[in-house]
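What the coordinates show
Listed below are the residues making up each chain.
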Amino acid sequence: FELERLGVHESVEAVFPPAELVTYLTDLPAEVAVVDDDGIDDCDGVVTLAYREAFLELDWIHSIQAGYDRFPLDVLEDHDVILTNSAGIHDRTIGETVASYLLMFARRLHDHVANQQERRWDRPEWDEAFTLPGATACVVGTGTLGSGVAETLGALGVRVTGVRRSGDPVPGFDEVYATDRLLEAIGDVEFVIVTVPLTDETHHLFDAEAFDAMRDDAYFVNVARGSVVDEPALIDALESGELAGAALDVFEEEPLPEESPLWGMDEVIISPHCAAYTRDYFRDVGEIVRENADRLADGEEFYNRVV
Ligand code: NAD
């Protein structure tokens, strides 16, 4: 197909202003414009956060996220729609967010922030604060996110192991386990960090059995997708002291419902699915879109093609 008109769907607004990406892509040999649901049918391709059935009439969808669990892959294939994603850009952002969570727990900053709201001068117990060098973390999923986390934590002196399907070594990880040794891998570390895509295989990968296998003084971090975790089982483990705490960016239901007990837990840090936010986000996505527009013009295979 030929790319004559590329829409930037208004749903990207949750992450960056659509007009910024339009301006960034003005050098493309195609018309680029912000579109809402009514403007889709004039386009050949769309850059988007949300999925719409109207996209089935297009030739190409580019998702501004790495995860594509919200797109109906079989239906897209049946309609000959190409889907590309934004995997590969979130290593540093997620790495720094995860390092921040770990530093908050280690240096007790979440307590200080909570105390400050109450104008309360309250120091940690003598044995609550610790430092990261020598601490151990297991990162489950060794793709872009996992590697970014390993690199950032490695620089802070954390010993990082990984879990992936094959168990083959990955640069930046001190040791890598195959998925069938998950419980063993997460059983003896102070931090477990989840960075796998949500698939049939990873749905509720972290259940009561997994939390049971973890140390009682371990922290659990999820920056992947909410449904990789059985959330009621996580809440049980936190409430019963089977885990020390958790840092969560993603949830089974988003926004996290007001009545969720997670909101009220002292040792839980909650961020609203924004661990990868950066003011450079539109540029990072724009580079992938430009690369694919070039490849299309040259008759080459798309970069980051999912369908
Ligand atoms: P990626 O494609 O670079 O890496 C994914 C890795 O997971 C690959 O190495 C793949 O082989 C591996 N994998 C797939 N199935 C697996 C399984 N069953 N067990 C173990 N490993 C498996 O993607 P990424 O950029 O690292 O993103 C990973 C996921 O993180 C995304 O799918 C998305 O859901 C989530 N994510 C969340 C945020 C956020 O804002 N919190 C941002 C980016 C990505």
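In case you missed it, the structure is sitting above this.
These figures come from a predicted structure and were not determined experimentally.

Turning our attention to the overall build of the protein chain. Summing up its helical and strand segments, the protein chain has nine helices and 12 strands in all. Relative to the compact-globule value of 19 Å for 307 residues, the protein chain shows a C-alpha radius of gyration of 21 Å, a close match. Expressed as lengths along the three principal axes of its C-alpha atoms, the size of the protein chain is roughly 65 × 45 × 35 Å. When the 307 residues of the protein chain are sorted by exposure, 50% land in the buried category. When contacts within the protein chain are restricted to residue pairs at least 6 apart in sequence, those whose partners lie at least 24 apart make up 62%. Element-wise, carbon and sulfur atoms account for 46% of the exposed surface of the protein chain, whose accessible area totals about 15,200 Å². One finds the centroid of the 20 positive side-chain charges in the protein chain at a distance of 8 Å from the centroid of its 65 negative side-chain charges.

What follows deals with helix α4 (residues 109-117). Along α4, the positions that sit buried rather than exposed are H110, D111 and N115. The arc that holds every buried residue of α4, seen down its axis, measures 135 degrees, which confines them to one face. In α4, those exposed residues whose orientation departs by more than 90 degrees from the buried face are Q116 and Q117. Where α4 ends, the next residue or the one after it, R119, has phi of about 50 degrees, a positive value.

Okay, the site of the ligand next. Not every one of the 21 residues close to the ligand is listed here, only the nearest: T144, L145, R165, V223 and D249. Take R225: an N or O atom from its side chain is 3.3 Å from an oxygen atom of the ligand. Contacts to the ligand include D249, whose side-chain N or O atom sits 2.9 Å from a nitrogen atom. For the ligand, whose accessible area on its own is 860 Å², the fraction buried by protein is 84%. For the shell around the ligand, the per-class residue count stands at nine nonpolar, eight polar and four charged.

Contact geometry for helix α3 (residues 91-107) and α4: axes closest at 5 Å, N-to-C directions at 75 degrees. With respect to α4, the element α3 is oriented roughly perpendicular. Taking contact as the criterion, the partners of M104, F105 and R107 in α3 are, on α4, L109, H110 and H112. Grouping the constituent residues of the contact of α3 with α4 by class yields three nonpolar, two polar and one charged.

Conventions used here
Residues numbered from 1 in each chain as written. Predicted model: local features only at pLDDT ≥ 70, side-chain atom pairs only at ≥ 80, totals over all residues. Heavy atoms only, no water. Helix = DSSP H or I, 4+ residues; strand = E, 2+ residues; numbered from the N terminus. Rg over C-alpha atoms; globule rule 2.2 N^0.38 Å. Buried < 20%, exposed > 50% of the residue type's maximum accessible area, 1.4 Å probe, protein only. Contact = heavy atoms within 4.5 Å. Areas by Shrake-Rupley, 256 points an atom, 1.4 Å probe, with all protein chains shown as cover. Lys, Arg positive; Asp, Glu negative; His and termini not counted. Charge placed at Lys NZ, Arg CZ, Asp CG, Glu CD. Arc of directions from axis to C-beta. Near = heavy atom within 4 Å. Polar contact = N/O pair within 3.5 Å; in protein donor to acceptor, adjacent residues only side chain to side chain. Nonpolar A, V, L, I, M, F, W, Y, C, P; charged D, E, K, R; others polar. Axes fitted to C-alpha atoms, helices over the stretch in contact; angles between N-to-C directions. Parallel < 35°, antiparallel > 145°, perpendicular 65-115°, else oblique.

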